[in-house]
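The lines below spell out each chain.
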Amino acid sequence: MSRELHSLLRQAARVLVLSHQQPDGDALGSTLGLLHLLEGQGKRVWAYSQGPLPEEYLFLPGRERISADLPAAAEIDLAVLLDCHQPQRIGRAAGEFLAGLAAPSVVIDHHQGAVDFGRAAWVDPGYAATSEMLAILAGELGWAMTAQAATCLFVGLQTDTGSFRYANTTPRCLRVAADLVQAGAPVWPISQEVYATRPQRLRLMGRIMEGLSLEQGGRLAVGQVTQADLAAARAEAPDLEQAVETLRLIPGVDTAMLLRETPEGGVKVSLRSRGEVDVSQVAIALGGGGHKNAAGVTLAGTLPAVRAQVGRLLAQRMGA
Ligand code: 5GP
Ligand code: MN
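Note that the coordinates shown come from a computational prediction; the quantities given were computed from them, not determined experimentally.

Calculation rules
Residues numbered from 1 in each chain as written. Chains lettered and ligands numbered in written order. Predicted model: local features only at pLDDT ≥ 70, side-chain atom pairs only at ≥ 80, totals over all residues. Heavy atoms only, no water. Helix = DSSP H or I, 4+ residues; strand = E, 2+ residues; numbered from the N terminus. Rg over C-alpha atoms; globule rule 2.2 N^0.38 Å. Contact = heavy atoms within 4.5 Å. Areas by Shrake-Rupley, 256 points an atom, 1.4 Å probe, with all protein chains shown as cover. Lys, Arg positive; Asp, Glu negative; His and termini not counted. Charge placed at Lys NZ, Arg CZ, Asp CG, Glu CD. Donors = N, O, S within 2.8 Å, 3.2 Å for Na, K, Ca; no water. Buried < 20%, exposed > 50% of the residue type's maximum accessible area, 1.4 Å probe, protein only. Core = buried A, V, L, I, M, F, W, Y, C linked by side-chain atoms within 4.5 Å. Pairing = 2+ DSSP bridges. Axes fitted to C-alpha atoms, helices over the stretch in contact; angles between N-to-C directions. Disulfide = S-S within 2.5 Å. Salt bridge = Lys/Arg side-chain N within 4 Å of Asp/Glu carboxyl O. Near = heavy atom within 4 Å. Polar contact = N/O pair within 3.5 Å; in protein donor to acceptor, adjacent residues only side chain to side chain. Nonpolar A, V, L, I, M, F, W, Y, C, P; charged D, E, K, R; others polar. Phe/Tyr/Trp six-rings, centres within 6.5 Å; stacked < 30°, edge-to-face > 60°. Lys NZ or Arg CZ within 6 Å of the ring centre and 35° of its normal.

## A closer look at the overall build of the chain
A count of helices and strands for the chain gives twelve helices and twelve strands. Computed over its C-alpha atoms, the radius of gyration of the chain comes to 19 Å, within 12% of the 20 Å expected for a compact globule of 320 residues. When the backbone C-alpha atoms are referred to their principal axes, the chain occupies close to 55 × 40 × 35 Å. Looking at the chain alone, contacts between residues at least 24 apart form 69% of all its contacts between residues at least 6 apart. As presented, the chain carries roughly 13,600 Å² of accessible surface, and 50% of it is formed by carbon and sulfur atoms. A gap of 2 Å separates the mean positions of the 28 positive and 32 negative side-chain charges of the chain.

What follows is the structure in structure tokens.
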């Protein structure tokens, strides 16, 4: 990581921390983890998320500090963009705010793709989670790891590794997890919150499974959710967190696609793979992004049109 990033973080007294819209466990865990770490250094901190916040993360310590309002630009010495490296991923208002900000922005992220934003950027897809990077950063800077910070960062690491099951679970990431538990992250209380059984999610999962389609000789699983499905299950978009992983784990499936109609009339596409199929290439080609085995994009168009368009690109990637 660059010395410039170190010194910008050390010197700033008033810091705005932001992460991507439709935040997941790592976006929220890294945002709040960094908030606690910076406050431990006596800094003034604002945490921004456009939301919506999935229910399972509302227990995170400091969650009430997350706001969808931005501070006045003059109040900020430094903006830290986490778990994404494109300002448009934070949402329009915050993206425009950063573009017009006189103070420097820095980026800490583990997603694939070219980085052309920020005074200093530490972007490395070799890390399982942005939360993992922040735990290491805290150690390098000699910042105290409190139980609150450790809890938030543990959740980021736990969720981005699928509870330490995915291929991104390295020895380093398990060591960082051990350090976070040592610092006070309570594993079982956290797991009960993050993996709580939620009836509306199971109803929604039932509808996805009813409509499940296995294509490419059983290698590609495709599920979809309409606005009517959400209403019938009495569920909301954040209830789909973790749903696409269920499709990927079907024996024989190596690539999974979950499509959701958005209220704006577009389609949110979530892609997952195991093994060699690089779904980030498909997402990036369509204007989205992600990692080799987990990527996404939101596209204009009807559900059937987007399904056919992305399905064709996936089939090409899968060598069909
Ligand atoms: P999910 O399918 O869970 O929304 O996202 C999977 C991965 O792809 C996450 O790492 C997420 O940050 C990334 N991703 C999802 N949607 C987008 C998008 O529209 N643009 C970019 N750049 N990345 C995305
Ligand atoms: Mn992440």
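## Considering the coordination of the manganese ion (ligand 2)
Within the protein, the atoms that donate to the manganese ion (ligand 2) are Asp-26 (OD), Asp-83 (OD), His-110 (NE2) and Asp-160 (OD), at distances of 2.2 to 2.3 Å. Read from N- to C-terminus, the donor residues coordinating the manganese ion (ligand 2) fall into the pattern D-x56-D-x26-H-x49-D. Residue His-110 is found in the loop between strand E5 (105-109) and strand E6 (120-123), and its partner Asp-160 is found in helix H5 (residues 147-160); the two are separated by 50 residues along the sequence. Of the two residues, His-110 and Asp-160, both sit in the buried class.

## Comments concerning the nonpolar core
Within the largest apolar cluster, 49 residues are counted, with the highest numbers of intra-cluster contacts made by Val-80 and Ile-108. If near-sequence neighbours (up to four positions away) are discounted, Ile-108 is found in contact with Leu-5, Val-80, Leu-81, Leu-82, Asp-83, Trp-122, Thr-130, Met-133, Leu-134 and Leu-137. Grouped together as the second largest cluster of nonpolar side chains are 20 residues, Val-269, Val-282, Val-310 and Leu-314 included.

## Quick word on the sheet that holds strand E9 (residues 255-261)
Hydrogen bonds between backbone atoms are what pair the strands of a sheet, whose relative direction is either parallel or antiparallel. Taking strand neighbours across the sheet as the criterion, the six strands line up as E7-E8-E9-E10-E12-E11 in an open arrangement whose pairing is mixed. Only two strands of the sheet have a single partner each, and these edge strands are strand E7 (213-215) and strand E11 (289-290).

## Side note on the sheet that holds E6
If you trace the six strands from one edge of the open sheet to the other, you get E3-E2-E1-E4-E5-E6, paired in parallel fashion. Edge strands, defined here as strands with exactly one partner in the open sheet, are strand E3 (66-67) and E6. Inspection of the sheet shows strand E1 (residues 14-19) paired to strand E4 (residues 78-82) by five bridges, in the parallel sense. Paired with Val-17 across the two strands is Val-80, which belongs to E4. On top of the sheet, helix H1 (residues 3-11) reaches E4, E5 and E6; it is set at about 115° to E6, its chief contact. Of the strands in this sheet, E1, strand E2 (44-48), E3 and E4 are in contact with helix H2 (residues 25-40), which crosses E1 at around 170°.

## Examining the state of the cysteines
The full count for this structure, using the stated rule, is zero disulfides. For Cys-84, which is in no disulfide, the shortest distance to another cysteine sulfur is to Cys-152 and amounts to 18 Å. Looking at Cys-152, the relative accessible area reads 0%, which means it is buried.

## Some thoughts on the pattern of salt bridges
Tallying each qualifying case throughout the model produces twelve salt bridges. A salt bridge links Arg-307 to Glu-215; the nearest nitrogen and oxygen atoms lie 3.5 Å apart. Here Arg-307, found in helix H12 (residues 303-317), pairs with Glu-215, found in strand E7; they are 92 residues apart in sequence, far enough to count as distant. A salt bridge links Glu-276 to Lys-292; the shortest N-O distance between them is 3.1 Å. Here the residue Glu-276 occupies a position in the loop between strand E10 (266-273) and helix H11 (279-285), and Lys-292 occupies one in the loop between E11 and strand E12 (294-300), the gap between them amounting to 16 residues. Put simply, Glu-56, Arg-201 and Asp-239 are held in one network by salt bridges that share partners.

## Quick notes on the site of ligand 1
Around ligand 1, the structure places 15 residues, and the nearest of them are Arg-89, His-111, Lys-268, Ser-270 and Arg-272. Between an oxygen atom of ligand 1 and a side-chain N or O atom of Lys-268, the distance comes to 2.7 Å. Between ligand 1 and the protein, one listed contact pairs an oxygen atom with a side-chain N or O atom of His-291 at 3.4 Å. The protein chains hide 82% of the 480 Å² of surface that ligand 1 would expose on its own. Contributions of two or more residues to the shell around ligand 1 are made by E10, E11 and E12. Counted by class, the shell around ligand 1 contains three nonpolar, nine polar and three charged residues.

## Points about the packing of aromatic side chains
Here the distance between the centres and the angle between the planes together describe a pair of aromatic rings. Enumeration according to the criterion identifies two aromatic pairs in this entry. Their ring planes at 50° and their centres at 5.8 Å tell us that Phe-154 and Phe-164 sit as a pair that is tilted. Here Phe-164 lies in the loop between H5 and helix H6 (171-182) and Phe-154 lies in helix H5, a separation of ten residues in the sequence. The exposure class of Phe-154 is buried, given its relative accessible area of 4%. Note that Arg-172 overlies the ring of Tyr-127, its terminal NZ or CZ placed 3.8 Å from the centroid.

Read these as spatial facts, not as claims about activity.
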